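Listed here are the chains, written in short residue letters.
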Amino acid sequence: MKDSRILVIMNFSGVYEAEGFYKNHGHVWVDCKDIKGTNCYCDEEGENAIREAIRELGPEGIHFLDSGNYHYVSKIWLEKIEEEFELLVLDHHTDMQPPMFGDILSCGSWIKDALNSNPAIRHVWLAGPPADAADGIKAGEYGGRVTCVPEELVGDGDGWRERLGDSGLPLYISVDKDVLGPDYARTNWDQGRAGLWEVLACLDAAVSCRPIIGVDVCGENPEGTETKEDGAGDGPVNDRTNRELVHHLFSLPFYGKL
């Protein structure tokens, strides 16, 4: 059985150096701070450097990707999956916008890029964008391969079991913490209003009805790492949520169905 309990920390901005959620777990630290051309947009040289940095790692386990500026790293992890699968994304944004600069990979285009380049992705479930953003995705553009779920239904566990229970294909899950309200995450992007319990309910439902290949998480705030005198601050809020996500996922039969 492949190792579902591996924890990978991809450190682009230095934000994880101020957090401690991973320190009581065996983890792989991937230092990406010296890779150029990666902030929000990733050029070809940067992509290749990231691929090389994770060359020895499989898609299993939990991968922390830094801030939402680096959410496009999910596309690179998906390239490692050697079977047909479906993708479940929890995000306040669609991440399906055409890039501003040619065909360069970006945090706002990575799902679109992954669908265009990776035929193993049979379907994308995209949960969390507001209705007006979801309406901007043309239903026929990807041959019915994208389903948007309104942000108010993120935590509908029974609904997720009904949605996901048909194909039997394994899932890869990508969580951008900007889907959460500010009590649970502090990001450098505009945020939704989901509670942490709603995201956990979605994860529980997914694990209950599908094999899970791996999970990635982004949504740190590189500009908000300081802890205030009362123990508050962006960094501690994100650290607590990251700790809860790791604890919760590692308590589930995370990969056992494969």
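Residues numbered from 1 in each chain as written. Predicted model: local features only at pLDDT ≥ 70, side-chain atom pairs only at ≥ 80, totals over all residues. Heavy atoms only, no water.

Colleague: Please clarify how the side chain of E198 should be interpreted in this entry.
Modeller: Position of E198 among the secondary structure elements: in helix α6 (residues 196–209). This buried residue, E198, is left without a salt bridge; R193 holds the nearest opposite charge, at 7.6 Å. In contact with E198, not counting residues within four places along its chain, are V154, G155 and R193. (Helix = DSSP H or I, 4+ residues; strand = E, 2+ residues; numbered from the N terminus. Buried < 20%, exposed > 50% of the residue type's maximum accessible area, 1.4 Å probe, protein only. Lys, Arg positive; Asp, Glu negative; His and termini not counted. Salt bridge = Lys/Arg side-chain N within 4 Å of Asp/Glu carboxyl O. Contact = heavy atoms within 4.5 Å.)

Colleague: Looking at this structure, I do not really get unusual backbone geometry. What am I missing?
Modeller: The phi torsion of most residues other than glycine is negative, and most of the peptide bonds are trans. We note that D66 has phi near 85°; this positive angle belongs to a residue other than glycine. Among the secondary structure elements, D66 is positioned in the loop between β4 (61–64) and α2 (73–78). In this structure D66 comes out as buried when scored by relative accessible area, which is 0%. In this structure, D95 takes a positive phi of about 50° despite not being glycine. Along the polypeptide, D95 turns up in the loop between β5 (85–90) and β6 (105–106).

Colleague: What exactly am I supposed to notice about the side chain of N238 here?
Modeller: The topology assignment puts N238 in helix α7 (residues 234–250). Beyond its immediate sequence surroundings of up to four residues, N238 is in contact with E19, K177, A185, R186, G219, E220 and N221.

Colleague: Would you mind going over helix α3 (residues 110–117) with me for this structure?
Modeller: One full turn of an α-helix is made of 3.6 residues, so residues set three or four places apart face in the same direction. With respect to burial, α3 is a largely interior element, 6 of its 8 residues being buried. Residues W110, I111, K112, D113, A114 and L115 constitute the buried set of α3. Against the buried residues of α3 lie α2, β5, β6, β7 (121–127), β8 (146–149) and β9 (171–176).

Colleague: Help me understand helix α5 (residues 157–164) in this model?
Modeller: All of the buried residues along α5 are G157, G159, W160, R163 and L164. One face of α5 carries all of its buried residues, which in axial projection span an arc of 155°. Turned more than 90 degrees from where α5 packs its buried face, D158 and E162 sit exposed. Elements that come into contact with the buried residues of α5 comprise β5, β7, β8, β9 and α6. (Arc of directions from axis to C-beta.)

Colleague: Mind showing me how you'd approach the pattern of salt bridges here?
Modeller: Any two side chains of opposite charge can pair, so long as their charged atoms come close to each other. Throughout the structure, instances matching the rule amount to 14 salt bridges. Between R122 and E84 there is a salt bridge; the shortest N-O distance is 4.0 Å. Linking R122 in strand β7 with E84 in the loop between α2 and β5, this pair joins segments that are 38 residues apart in sequence. By relative accessible area, which is 39% here, R122 ends up partly exposed. E84 sits in the partly exposed class, given a relative accessible area of 44%. The partner of R243 in a salt bridge is D239, with the nearest N and O atoms 3.5 Å apart. Here D239 and R243 lie together in helix α7, a separation of 4 residues that amounts to about one turn.

Colleague: Explain the packing of α5 against α6 here, please?
Modeller: When two helices pack together, their arrangement is given by the angle between their axes and by how far apart the axes lie. Their axes nearest at 8 Å, the elements α5 and α6 cross at an angle of 35°. Our pair here, α5 against α6, has a crossing hand that is right-handed. Residues G157, W160, R161 and L164 of α5 form the contact with α6, whose own contacting residues are A201, C202, A205, A206, S208 and C209. (Axes fitted to C-alpha atoms, helices over the stretch in contact; angles between N-to-C directions. Left-handed = near helix turned anticlockwise from the far one by under 90°.)

Colleague: Help me out: how do you make sense of the packing of aromatic side chains in this one?
Modeller: Any two aromatic rings considered together are summarised by their centre-to-centre distance and by the angle between their planes. One pass over the structure, following the stated rule, counts 7 aromatic pairs. For the ring pair Y16 and F21, a centre distance of 5.9 Å and an interplane angle of 70° mean the geometry is edge-to-face. The same class applies to Y16 and to F21, which are both buried. Seen in terms of ring centroids, F21 and Y22 are 5.1 Å apart; in terms of plane orientation they differ by 85°. Their pairing is edge-to-face. Per residue, the accessibility class of F21 equals that of Y22, and both read buried. By way of ring pairs, the aromatic residues Y16, F21, Y22, W29 and F64 are connected into one cluster. In this structure, R163 packs its charged tip against the face of W160, placed 4.8 Å from the ring centre. (Phe/Tyr/Trp six-rings, centres within 6.5 Å; stacked < 30°, edge-to-face > 60°. Lys NZ or Arg CZ within 6 Å of the ring centre and 35° of its normal.)

Colleague: Please clarify how the sheet that holds β8 should be interpreted in this entry.
Modeller: By way of backbone hydrogen bonds, the strands of a sheet pair with one another, either parallel or antiparallel. Here we have 8 strands laid out as an open sheet, ordered β2-β1-β4-β10-β9-β5-β7-β8, and parallel in their pairing. With one partner strand each, in any of the chains shown, β2 (27–31) and β8 form the two edges of the open sheet. For this sheet, the mean inter-axis angle between neighbouring strands, taken without regard to orientation, is 15°. Packed on one face of the sheet, α5 meets β5, β7, β8 and β9 and runs near 165° to β7. In this fold α7 packs onto β1 (7–11), β4 and β10 (212–218), with an angle of close to 165° to the strand it touches most, β4. (Pairing = 2+ DSSP bridges.)

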